[in-house]
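Listed here are the chains, written in short residue letters.
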Amino acid sequence: MGEGLLSDPSRGLDAPTTKLTQGDAFPRVAGELRCGALPLGQLAERFGTPLYVYNGPAIDERYLAFSRAFAAVAHLIAYSVKANGNLTILRRLASLGSGADIVSGGELYRATLAGVAANKIVYSGVGKSRREMVAALHEGIYSFNVESAMELRLLAECARDLGVEAPFALRINPDILSPAPHAYTRTGHLDTKFGVPASEAVGLYRWARNAQGLRVQGIDVHIGSQVLEVEPYVRAVRQLLELADTLRADGIELEYLDMGGGFAVRYDEQGGMDVGELARALIPEVTEAGLKLVLEPGRAIVAEAGVLLTRVLYLKRSGRKTFVITDAGMSDLIRPSHYGGYHHIEPVGETAEHAVELVDVVGPVCETGDFLALDRLLPLPEPGELLAVRTAGAYGFAMTTNYNGRPRPAEVLVDGSLARLIRRRETLDDLVRGEVGELE
Ligand code: LLP
């Protein structure tokens, strides 16, 4: 871990140890995986497969770990809706006090429908349209995280047309190559489309100060996703604090510093960020600067609280390979094929009798790239048996598609011994809804 603040745990902040990876949300009890008091097999029988299952209290626990860890500083946890935007989950987080980090008019709609307070919504993204800006201004969101000079000009114009002021922060590109596992989830260096180079930021803030329709509100950064280390956050935040100092010397006062999201979870034995350590590293400097801290965790709140349940359809041996063919594929969980993402897969039931083999777990989609795992050691399941794909609560359902004519899976939320359907399985009618012309 870095130096300075990080090596000084004696600062006396009351940040309890809040590893994000508290209890297992899906423990094995009497040989079978469970969620709360319910065996996963029972849920698969009742709701069918493929099925997303979320553990409600595990979601709460992870949100509360953040709010406890950062209690010593004025803060807003703006849950990143893109990780899992199910209305029931959003409503649950909103009732715990969560705000939302949104990236589209669609997510604005979702978040407000779920009861997230508008004054707790921050709006990020490089391609906000005029229509989306106007909708967010109507709602009265907390702030726009603006990603380019052109966007800032359009935002000012929209606000003037409505006779309001648009609160905004500039998203700074800190030019940090974040240690995220895949190039597609690194956002902090200049060769990505995100943010405004630090060298241009002060000039833009100065321009905005005198521009009608804008209100300087904060400063923002997001370095990447599934970032395992605290140190890159410290570096990025320090860079922002220096900019905030420069602005203050110019008479431009900020209200908040948004450090983005990206906090790592455990996909395998390794990793998972200790949010207590993160808090201890950042709180003193942010407090000293008199700024409110905004955090945008997505994955860290929901990933470990979700599994994808899938049933084995067939086994097949071909060449040097053994294929386990499941009823879930890349249309249900795209992370393995899109990012080479690792998801732990295990049989839901008892497996003592099964020989362990090296297999590829593949789906029904007609693509060689359709897999949930490659070269994985697994107790060889029988057709009909269930597998649980872990850490699927974030960017799982949210990235599903209908590719290959596949209805999206159902989602179920479990609280103790109560299982609730929070999104029904799509039907064949859903697949063609919205298509017009041919049938008239
Ligand atoms: N804030 C901003 C501005 C972001 O762009 C993101 C994620 C987040 C917050 C939340 O990041 P999180 O805490 O969830 O890591 N589909 C990819 C991840 C893409 C993340 C995009 N931005 C995956 O499955 O790994």
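Since the structure is predicted, the reported quantities are computational estimates derived from the model, not experimental observations.

Visitor: Which residues make up the pattern of salt bridges, and what values go with them?
Guide: What the rule picks out here adds up to 26 salt bridges. Ionic pairing is found between Glu147 and Arg171, a salt bridge with its closest N-O pair at 3.0 Å. Placement of Glu147 in the loop between strand 8 (143-146) and helix 6 (149-162) and of Arg171 in strand 9 (residues 166-173) is noted, with a sequence separation of 24 residues between them. As far as the burial class goes, Glu147 and Arg171 line up, both buried. Each of Asp24, Arg28, Glu346 and Arg390 takes part in a single network of salt bridges with overlapping partners.

Visitor: Residue-level account of the domain arrangement of the chain, with values.
Guide: In many reports, interface size means the accessible area that the parts give up when they come together. Entries for the chain in the domain assignment read domain 1 (56-298) and domain 2 (304-432). When each unit is reduced to the centre of its C-alpha atoms, the spacing between domain 1 and domain 2 is 32 Å. Contacts between the two partners involve 20 residues from domain 1, matched on the other side by 20 residues from domain 2. In this assembly, domain 1 and domain 2 are joined by two salt bridges. Between Arg92 and Asp415 there is a salt bridge, with its nearest N and O atoms 2.8 Å apart.

Visitor: Describe in detail unusual backbone geometry, supporting the description with residues and values.
Guide: With an omega dihedral of -10°, the bond running from Thr49 to Pro50 counts as a cis peptide bond. Tracing the backbone through its elements, the reader meets Pro50 in the loop between helix 1 (40-47) and strand 4 (51-55). Positive phi, normally seen in glycine, also occurs at Asp175, with a value near 55°. Its location among the elements puts Asp175 in the loop between strand 9 and strand 10 (196-197). On the basis of relative accessible area, Asp175 is assigned to the partly exposed category, the value being 44%. Unlike most non-glycine residues, Tyr395 shows phi in positive territory, near 55°. By secondary structure assignment, the location of Tyr395 is in the loop between strand 19 (386-389) and strand 20 (410-415). Taking the relative accessible area as the measure of exposure, Tyr395 reaches 14% and is therefore buried.

Rules used in this analysis
- Along each chain, residue indices are assigned from 1 in the same order as the chain's sequence is written.
- For a predicted model such as this one, the threshold for reporting local features is a pLDDT of at least 70, and the threshold for listing and counting side-chain atom pairs is 80 or more; totals across whole chains, interfaces and linings nevertheless cover every residue.
- To obtain the side-chain values, all non-hydrogen atoms of the structure were included, while hydrogens and water were left out.
- Each salt bridge in this description consists of a side-chain nitrogen of Lys or Arg and a carboxyl oxygen of Asp or Glu lying within 4 Å of one another.
- Under the DSSP-based scheme used, a helix requires at least four consecutive residues in state H or I and a strand at least two consecutive residues in state E, with every element numbered from the N terminus.
- Per-residue accessibility, obtained with a 1.4 Å probe over protein chains only, is compared with the maximum for each type, and a residue is labelled buried under 20%, exposed over 50%, and partly exposed between these values.
- Each domain's extent was defined by an automatic or database domain assignment.
- By definition, residues are in contact when any of their heavy atoms lie within 4.5 Å.

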